[in-house]
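# Report on the structure
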Amino acid sequence: DTGVSQDPRHKITKRGQNVTFRCDPISEHNRLYWYRQTLGQGPEFLTYFQNEAQLEKSRLLSDRFSAERPKGSFSTLEIQRTEQGDSAMYLCASSQRTGTTDTQYFGPGTRLTVL
Amino acid sequence: GQQLNQSPQSMFIQEGEDVSMNCTSSSIFNTWLWYKQDPGEGPVLLIALYKAGELTSNGRLTAQFGITRKDSFLNISASIPSDVGIYFCAGPSSGSARQLTFGSGTQLTVLP
């Protein structure tokens, strides 16, 4: 399978704990994105990497959130001191610009539940 | 910020029927994307539209990029049970082409 992969698929944690999610993009894609999706809504943009550089961040990405892509391949998203409001599906996507198109392909997501 | 309004919010149809759903915006989009999401999974790209007026098909699915650039529709012909899911329209944000703005989705249920 050469699609975007995410790990873990599900995470249950207690309020106040730290959690880290991993995303492996499609191998030839140099762009990587994180989105958050709450129940009944479409995904909302969090942040974007081109290679290892984090170029864009949404104001949704509070100080408790940090994302890295150290070697321009896989990425991690860490949430510190989790709150119940952080419960959501965290989606990763990747893309590679070809000509004028830059289509984002999504992974299966990590479902976070904060108790 | 930009908003995409999808309608209907939900649909219940009989297997074999055709389905139509649409997406509108108050601002112009240069790209329209249609994704399908199954429960517990990430969105899967169905069709991408890049030019106003463009009509593109993918099997039983057909999507059009509105002439005004402010709307798009998706048609599914001869629905089957595996068409069940949530359909999202999406497009690049006006602030950044890398940030996709999504509609709130159309939940499709296909009855046998």
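Now for a quick tour of the structure. Since this is a predicted model, take the numbers as computed values, not measurements. (Residues numbered from 1 in each chain as written. Chains lettered and ligands numbered in written order. Predicted model: local features only at pLDDT ≥ 70, side-chain atom pairs only at ≥ 80, totals over all residues. Heavy atoms only, no water.)

### Description of the state of the cysteines
All names here are of chain A. Going through the model one piece at a time under the given rule, you end up with two disulfides over all chains. Put simply, C23 and C92 are joined by a disulfide, and their sulfur atoms are 1.9 Å apart. With the S-S dihedral at roughly -65°, the linkage between C23 and C92 falls on the left-handed side. Note that C23 is positioned in strand β3 (residues 19–24) and C92 in strand β9 (residues 88–95), a separation of 69 residues in sequence. (Disulfide = S-S within 2.5 Å. Helix = DSSP H or I, 4+ residues; strand = E, 2+ residues; numbered from the N terminus.)

### A few points about the interface of chain B and chain A
Counting residues at the interface gives 16 residues for chain B, matched by 21 residues for chain A. Both faces combined, the contact of chain B with chain A buries some 1500 Å², and carbon together with sulfur accounts for 54% of it. On the surface where chain B and chain A come into contact, there are two salt bridges. With a shortest N-O distance of 3.3 Å, E41 of chain B and R9 of chain A are connected by a salt bridge. (Contact = heavy atoms within 4.5 Å. Buried area = accessible area lost by both parts, 1.4 Å probe. Salt bridge = Lys/Arg side-chain N within 4 Å of Asp/Glu carboxyl O.)

### Quick look at the pattern of salt bridges
All names here are of chain A. Scanning the entire structure with this criterion turns up eight salt bridges over all chains. One salt bridge connects R64 with E83, and the closest N-O pair in it is separated by 3.4 Å. In this pair, R64 is assigned in the loop between β6 (53–57) and β7 (65–68) and E83 in the loop between β8 (75–79) and β9, connecting sequence segments 19 residues apart. Of the residues examined, E83 reaches a relative accessible area of 39% and is grouped as partly exposed. (Buried < 20%, exposed > 50% of the residue type's maximum accessible area, 1.4 Å probe, protein only.)

### Description of the environment of K11 of chain A
All names here are of chain A. Checked against the element boundaries, K11 lands in strand β2 (residues 10–13). Residue K11 is classed as partly exposed on the basis of its relative accessible area, which comes to 33%. In this structure, K11 is in contact with V19, F21, R111, L112 and T113, ignoring residues within four places of it in sequence.

### Things to note about the layout of surface pockets
Here the second largest pocket is characterised by a volume of approximately 320 Å³. Lining the second largest pocket are 18 residues, with Q37, L39 and G40 of chain A together with Q37 and I86 of chain B positioned closest to its centre. For the lining of the second largest pocket, the residue count by class is five nonpolar, 10 polar and three charged. (1 Å grid on protein atoms, 1.4 Å probe; cavity = no way out; pocket = protein on both sides within 12 Å on 5 of 7 lines; lining within 4 Å. Points joined across faces, edges and corners; volume = space filled by probe spheres on them. Nonpolar A, V, L, I, M, F, W, Y, C, P; charged D, E, K, R; others polar.)

### Things to note about the pairing of strand β5 (residues 44–49) of chain B
Residues and elements named next belong to chain B. The pairing of strand β4 (residues 32–37) with β5 spans five bridges and is classified as antiparallel. Each bridged residue has a counterpart across the sheet, and for W32 the counterpart in β5 is L49. From the end of β4 to the start of β5, which pair antiparallel, there are six residues, and G40 there has a positive phi angle of about 75°. (Pairing = 2+ DSSP bridges.)

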